[in-house]
Structure formats: C-alpha cells, structure tokens
Amino acid sequence: MSTIHWTETNTRRSAHWHSESATPPPSRVIGADDRMKADVAYRLACEGTALLWRGDFHNARQLLQAMGRRIDRKPARQGDSPAESFHLLRRARSHRARVLGRLLVELEDNYCLNLRRAPDVRQACTEAYGSSSEPMAVSLTELLGVIGAHQWRTKGVEVPALDARIHPHYGVFSPVRGEYVDLVAHAPLPAPAAHRAGRRTAFDLGTGTGVLAAVLARRGIDHVVATDISPRALACARENVRRLHLTGHIDLVGPGLFPEGRADLIVCNPPWIPARPTSAVEQGVYDPGSSMLCNFLDGLTAHLEPGGEGWLILSDLAEHLGLRTRSKLLADIKAAGLHVVNKTDTRPRHPRARDTADPLHAARAAEVTSLWRLAST
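Residues numbered from 1 in each chain as written. Predicted model: local features only at pLDDT ≥ 70, side-chain atom pairs only at ≥ 80, totals over all residues. Heavy atoms only, no water.

Caption draft 1: Examining the nonpolar core more closely. Among the nonpolar cores identified, the biggest contains 36 residues, and Trp 53, Leu 107 and Leu 143 are the most heavily contacted of them. Secondary-structure elements contributing two or more residues to this core are α1 (38-46), β4 (50-53), α2 (57-72), α3 (82-100), β5 (103-107), α4 (122-129), β6 (136-139) and α5 (140-155). In terms of residues, this core owes the most to one element, α2, which gives seven residues. Ile 166, Ile 221, Leu 234 and Leu 244 belong to the second largest nonpolar core, which has 34 residues in total. (Core = buried A, V, L, I, M, F, W, Y, C linked by side-chain atoms within 4.5 Å. Buried < 20%, exposed > 50% of the residue type's maximum accessible area, 1.4 Å probe, protein only. Helix = DSSP H or I, 4+ residues; strand = E, 2+ residues; numbered from the N terminus.)

Caption draft 2: How the structure looks around the packing of aromatic side chains. Taken as a whole and judged by the stated rule, the model has four aromatic pairs. Centroid distance Phe 86 to Tyr 286: 6.4 Å. Interplanar angle 35°. Geometry classified as tilted. In this pair, Phe 86 is assigned in helix α3 and Tyr 286 in the loop between β12 (263-268) and α9 (291-303), connecting sequence segments 200 residues apart. The residues Phe 86 and Tyr 286 share a single accessibility class, namely buried. Geometrically, the ring pair formed by Tyr 129 and Tyr 170 is edge-to-face, given 6.4 Å between the ring centres and 75° between the ring planes. Of this pair, Tyr 129 sits in helix α4 while Tyr 170 sits in the loop between β8 (164-166) and α6 (178-186), placing them 41 residues apart in sequence. When sorted by exposure, Tyr 129 lands in the same class as Tyr 170, which is buried. Every member of this aromatic cluster is reached through a ring pair, and the members are Tyr 111, Tyr 129 and Tyr 170. (Phe/Tyr/Trp six-rings, centres within 6.5 Å; stacked < 30°, edge-to-face > 60°.)

Caption draft 3: A look at the environment of Leu 103. Inspection of the secondary structure puts Leu 103 in strand β5. Judged by relative accessible area, Leu 103 falls into the buried class, the value being 0%. C-alpha of Leu 103 to C-alpha of Val 29: the two residues are 74 residues apart in sequence and 9.7 Å apart in space. Residues within four places of Leu 103 in sequence aside, it is in contact with Leu 51, Trp 53, Ala 60, Leu 63, Leu 64, Val 138, Ser 139 and Leu 140. (Contact = heavy atoms within 4.5 Å.)

Below you can see the structure in the form of structure tokens.
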C-alpha cells in the first residue's frame, strides 16, 4: 500500500495514496490553499511537487482550470504521419494529466471531503472505490471523474434500441456511441443449431455495461452468456440486467473472455485502438497489440455451433491513424479459420467526428464502424 507524507502546522502527516491510473505516489507534497497563484502552482506541478489542497473546493477547481490553460498554450505538434500525430497527441495528453494530477485532495474517514463548499462525495467514492475507513489522498482530477461517473450512474444513458436507460459504473465504458448498438440491433440473427429445437444462444464477450447482451435478449435470443475481465464491468452489467428484468435470459460470467461451451452467435466489440490504456475506463478504447481482437478471432471457431456466426463490431479509426491495416485484419480473420459472411457499415454520430479543432479530425471524419459477420470456413 502506497503512502504520501507531508508536514502541516509543524506536524508530520500521512495518508494512503490511491490512483486509478497507477500513478506512483508523489515524493514531495506541500500544502496549498486559496492564496496559491496559478503560475506558482503550475511551476511547482511541472517540477514534480504535489499540492495538497486545503482551501475552498470551488477555488481548487478554478485553479485546476487555470493550470490547464497554461499547459494548453503549447499544443501538441503535428507529426509527419497520422500515426506519429496520434502518438504525439497521446504524449501531450499524458503530460497534461500528469501535471494536473499533482493537485491533490484528502478524503478523510468514510470519504469525507473536509473543504469549504465541497460536495458530499461519500456515495460517489463508495461506488467507485468500495468501503473505506482510513484517510486517502487522490488527485482532484480523479475525484472529479468519480463525481461525474456517479452522476452518469444515477441518470443513466438513453439507449433507443432498448427503449430504456443503461447505467454505467465508474471505470466502465459508457454506451454513448450508439452506432455500434444499432448495428447489433438490426443485423440478421443466425438460425439456431438444429439439435436445440429453436432455442438460440449467444455469448457477449467484453460486455461492459451489458448493453449488447440486453439488446440480444430483447431481440429474442433465449440465453445470453456475457463475460468481461473487469469485476467492475460484471457488477455494472449485473445491475443493468436486473433493472431491465432480463435476469432469466442473461448470465454474467468472469473474469475472462470466452465462457465454456458453444453458441449460435458470439458478439464482440473490442477496443479499437492498439495502444496502451492509462486508466480503467480507457480499457474500452485502447488495447495493446489488439490482444482482445486477436483472442476473439483465434477462439471463435472452437466456440461456435455449426452454422453459427461471430459478430465483430470494430471501428476502422486505427486504420486511418496508421496503427492497423485492413489487410492485417483480413489476414488475421483468414488465419483463424474464418470467412466474412457480410459486413454492415455505419458512420459515427458523436460530436468529435465533426470537431475540426481536433488534431485527429481527418481520421475521425473518415471513420467507419462495421459489423463483420464471420463464420467458420
């Protein structure tokens, strides 16, 4: 267990250090309050000094914004290729997160945030971190993420394909990009295996919030087995399945990728960018070496019923960024003993696809998300 230490009113203090991005504890921590100027805070943070905030909560948020503006004065430079621009942007964002992450707050027993005008964060922190009875130091940026996640969890995300809301948990990718859900909602379902007299089964690999498992169950799949490697995702999916009254149709299994047995339909929406995630929620977007994609393709034939299909839902953003080629994807499909039955494409509807100020705008504007229907050769 990592600990940070600092001196306050001539007294040596300490607290448990927590970072969802696995950032190591800062070696130097000093107190900071409303008298701290943004230029000073920015300089200290750039030098590696963490600032433990003791002032007004809203002033801390304003200081964080002011530090961010100072970082943004030097935008990420463009590379000579889309891939280089992507890596330079990731490096710049990592630097930004590292500097801003040095503004800290202390959560006292049971996640009490003892700052002026501070919100009650106990429920949000309990949902994200579990129970606690000891002081804990976290970055303000992480705490703001925890607060935002609690709000998303409370109000949910409207999913037209379900005519219902899905409630994402902290650290679980939210289904705000509805185009991949719509692809699964409208693709033709494979016929059930002959030996089961009309009963269809499906696996939803990497279920996250459970949204695709719910869509499949609502479409008439008799039994869906949903998996994930994340205990947070499994807990989130289990809660959503219960809210939607689908517990009789969906089983949650894990942590792992493939469950035991075979299915008529196996659906997977893997992370679409082959790069290293820097936090739990980024695992829904970034996957080093496309390992989940490769594991899905390699294991598909062994888990499909005769005549069954594997549905791969994948954005081609990585291809436009020069991080993966279409020929490599097709070669991997063929090497896994699979062939493409059909492919349905859709354009992204999220605002970033239209944001011309985005350094990766050209790639995002060209992005297509596809549902690849795969079968054993």
